[in-house]
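Architecture and fold: a report
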Amino acid sequence: MSGNDNGPMAKLLLCFGAAIVLVCAAIGFVNAFTMDASMPGMPMPMVRSAASDPLMGMPLSHMPEMFVAGIGLVLVFIGAVGRGRAASSTRSSPRSRLLIGVIGTAALTIDISKTSTLGFVIPGMREEYGLTAGTASLLAVAGLTGTATGAVLFGIMADRVGRRAAYLIATLGFTATSMCGSMPTFTGNLVMCLLMGVAVGGLAPLLITLLTESVGGRSRGSVVVALSVIATAVGYLVAAGSALWLEPIFGWRVLWLIGAPTGLVLVLLTPLIPDWNRDRSPAAEPDVVRPQHRKALTGGLQRAYALLIGVLTFGLTTWVPTLARAGGVPVETANLLLTVAAVVMVPCALLFMLTYRKFGPVTMAVGLAGSTAVLLLLLTGSGAVSAGWVSALALVAALFSVNTMAAVFLPIAADLSDSAGRGRATGTVSLYNRLGGLCGPLLLAGLVSSASDVLLAVSVLALLCAGAAWYIGRRQREARLAVDVAETDERELSRQ
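All of these numbers come straight from a predicted model, not from anything done at the bench.

As a further point, take the overall build of the chain. Summing up its helical and strand segments, the chain has 17 helices and 0 strands in all. Burial status across the chain gives 57% buried among its 496 residues. Within the chain, contacts between residues separated by at least 24 positions form 85% of all contacts whose residues are at least 6 apart in sequence. Carbon together with sulfur atoms contributes 69% to the accessible area of the chain, which is approximately 19400 Å² in total.

Written as structure tokens, this is what we have:
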């Protein structure tokens, strides 16, 4: 609300805090590539003189910029809260909506790439620190704990202080925590991964909310699903491509550090993000189902489905690179297969959009989950998965399917939510997805020695997802029927 705007002081805090974070992130990024590896606390006496030297951890005493960046984030948060809820933006032209769609999709791509990086970081981290599979899975647990927290915090923040302020805080947090690539210990990586997860977890539902509001109309669901699938595919492509081309040169730490330049781009796009809030309905949003029936569609059922998708997606994403390498497939080849799978997802986005428009979200969700389960059960039952290459291809196919399922569930939740509480509703559904993700890596950690066991577990989870989606569809039909009956009664009463 513009009447609560504290004026220059709040804006000054926002700008000053953002500048501090960006400068500190830039310093940390440069130091990671130019540090003197012979300084005290380094694992071996070596001076980095060539770009091909693997990156090393850095003692915390040599990273004051990391702590200063935290102060900058606090200043930005104080400025956003002091500024209050922003006035509604008046931009609603087709050109502005297209711009928001492009920015939102690009930002979602970068956001998803950071989550997908977990699976590529773990093999190198295990080798450097000598970790078991169970201990290494704590990295995914820390990150997903952060994303679950961020989904709730930023969902509420988006409705309270506006989309733009929430976006700025999330992207600055994403940029600042990229310095986790310089952490000297595994414990330090856990802490920073937790903090990065808060920013990443808040950004994803916020961006889906922005995309839904920018598209508007009856086509919003199918369009946002297509954009989400593209973002998921390209995001995983960025993560896999980075692992393919950068990790052999710089080591696994570079996969965290590249968050600094990409985060900087996202921050610079902040002025183009609209200040919509819960008092604003930027586009015509016809109610497909009356408010009293929305709970049947967006309540416990969608949260249960999101929970299962989280177990499935994050469990598989975390361990596919490790499993592929354990099957005898070279590291470069395993990363290349995962990259190809991500490329294939991009043209499939149009197919998913058409399927959504023709059959609806429930039918598409059931089809994706059911086909994934059938494919993996056939591969596991035939015994073909015991071969290294067949196992790797089966894992890649499974990852393709579950990533598509993950790309679909959040746009569906945003599409079925009303504009007044869309940020919170989408954040809540995302929270349950992340809670499921907490269980996924731990659940599959004990099975990473056997690809067939992992695929069997994933197929069972996919069947549960298909069952949950089918039951959501049944409740949806009941809700629609109740609406039709109520409208018929109203018409009959008006004639009398």
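So, on to helix α1 (residues 8-34). Compared with an ideal rise of 1.5 Å per residue, which puts 27 residues at 39 Å, α1 spans 39 Å between its outermost C-alpha atoms and is within 8% of the ideal. Ala10, Leu14, Gly17, Ala18, Ile20, Val21, Cys24, Ala25, Gly28 and Ala32 are the residues of α1 that are buried. Here the buried face of α1 lies against α2 (64-83), α5 (163-176), α9 (254-257) and α10 (259-268).

With that settled, the discussion passes to the packing of aromatic side chains. Under the counting rule described, the total for this entry stands at 4 aromatic pairs. Both rings, one in phenylalanine 29 and one in phenylalanine 33, keep their centres 5.1 Å apart while their planes meet at 55°; by these two values the pair is tilted. With phenylalanine 29 and phenylalanine 33 both in helix α1, this residue pair falls 4 residues apart, about one helical turn. On the basis of relative accessible area, phenylalanine 33 is assigned to the partly exposed category, the value being 23%. Seen from their ring centres, tyrosine 129 and tryptophan 252 are 6.2 Å apart, and the 65° between their planes marks the pair as edge-to-face. Note that tyrosine 129 is positioned in helix α3 (residues 94-129) and tryptophan 252 in the loop between α8 (247-250) and α9, a separation of 123 residues in sequence. One aromatic cluster is present, formed by Phe29, Phe33 and Phe250 through successive ring pairs.

Another aspect to go through is α5. An α-helical turn contains 3.6 residues, so a residue and the one three or four places further along point in the same direction. Helix length check: α5 (14 residues) gives 20 Å between terminal C-alpha atoms against 20 Å at 1.5 Å per residue, within 8%. Within α5, 13 of the 14 residues are buried, leaving the element largely enclosed by the surrounding structure.

Another aspect to go through is the confidence of the model for the chain. Detailed reading of the predicted model is not advised wherever pLDDT is low. Summarising the model, the chain shows a mean pLDDT of 75, and 73% of its residues fall at 70 or more. Per-element confidence in the chain is highest for α5, whose mean pLDDT is 90, and lowest for helix α11 (residues 291-298), whose mean pLDDT is 45. In the predicted structure, residues 36-52 sits below a pLDDT of 50 and forms 35 contacts with residues beyond four places in sequence or in another chain. Of the regions scoring below 50 in pLDDT, residues 278-298 engages in 56 contacts with residues more than four places distant in sequence or in other chains.

Moving on to the nonpolar core. With 121 residues, the main nonpolar core has Leu139, Trp256 and Tyr305 as its most contacted residues. At 14 residues, the largest contribution of residues to this core is made by helix α6 (residues 186-215). With sequence-adjacent residues up to four places away left out, leucine 139 is seen in contact with Leu118, Val121, Ile122, Met125, Phe186, Asn189, Leu190, Cys193 and Trp256.

This part covers the state of the cysteines. Counting across every chain of the model gives 0 disulfides. Left unpaired, cysteine 180 is separated from the closest cysteine sulfur, that of cysteine 193, by 6.6 Å. Accessibility expressed as a relative area gives 1% for cysteine 180, which makes it buried.

Where nonpolar side chains cluster on the molecular surface, the patch consists of Leu377, Leu456, Val460, Leu463 and Leu464 and spans about 410 Å² of accessible area. Looking at which element gives the most residues to the nonpolar patch, the answer is helix α17 (residues 451-495), with 4 residues. By the secondary structure assignment, leucine 463 is in helix α17.

The N-to-C vectors of α5 and α10 enclose an angle of 165°; their axes lie 8 Å apart at closest approach. Taken together, the axes of α5 and α10 lie roughly antiparallel to each other. The way α5 lies across α10 gives a crossing that is left-handed. Contact residues: α5 offers Tyr167, Leu168, Thr171, Leu172, Phe174 and Thr175, while α10 offers Gly259, Ala260, Thr262, Gly263, Leu264, Leu266 and Val267. When grouped by side-chain class, the residues that make up the contact of α5 with α10 number 8 nonpolar, 5 polar and no charged.

Moving on to the environment of glycine 155. Residue position: glycine 155 is located in helix α4 (residues 133-161). In sequence terms glycine 155 and leucine 203 are 48 residues apart; their C-alpha atoms lie 9.1 Å from each other.

It is worth spelling out the side chain of threonine 175 at this point. Tracing the backbone through its elements, the reader meets threonine 175 in helix α5. On the basis of relative accessible area, threonine 175 is assigned to the buried category, the value being 1%. One polar contact links the side chain of threonine 175 to the main-chain carbonyl oxygen of glycine 263, over a distance of 3.3 Å. Setting aside its immediate chain neighbours within four residues, threonine 175 contacts Leu22, Ala25, Gly259, Ala260, Gly263, Leu264 and Val267.

What counts and how
- Residues numbered from 1 in each chain as written.
- Predicted model: local features only at pLDDT ≥ 70, side-chain atom pairs only at ≥ 80, totals over all residues.
- Heavy atoms only, no water.
- Helix = DSSP H or I, 4+ residues; strand = E, 2+ residues; numbered from the N terminus.
- Buried < 20%, exposed > 50% of the residue type's maximum accessible area, 1.4 Å probe, protein only.
- Contact = heavy atoms within 4.5 Å.
- Areas by Shrake-Rupley, 256 points an atom, 1.4 Å probe, with all protein chains shown as cover.
- Expected span 1.5 Å × (residues − 1).
- Phe/Tyr/Trp six-rings, centres within 6.5 Å; stacked < 30°, edge-to-face > 60°.
- pLDDT = per-residue confidence, 0-100.
- Core = buried A, V, L, I, M, F, W, Y, C linked by side-chain atoms within 4.5 Å.
- Disulfide = S-S within 2.5 Å.
- Patch = residues over 30% accessible without salt bridge, like charges linked within 9 Å, V, L, I, M, F, W, Y side chains within 5 Å.
- Salt bridge = Lys/Arg side-chain N within 4 Å of Asp/Glu carboxyl O.
- Axes fitted to C-alpha atoms, helices over the stretch in contact; angles between N-to-C directions.
- Parallel < 35°, antiparallel > 145°, perpendicular 65-115°, else oblique.
- Left-handed = near helix turned anticlockwise from the far one by under 90°.
- Nonpolar A, V, L, I, M, F, W, Y, C, P; charged D, E, K, R; others polar.
- Polar contact = N/O pair within 3.5 Å; in protein donor to acceptor, adjacent residues only side chain to side chain.

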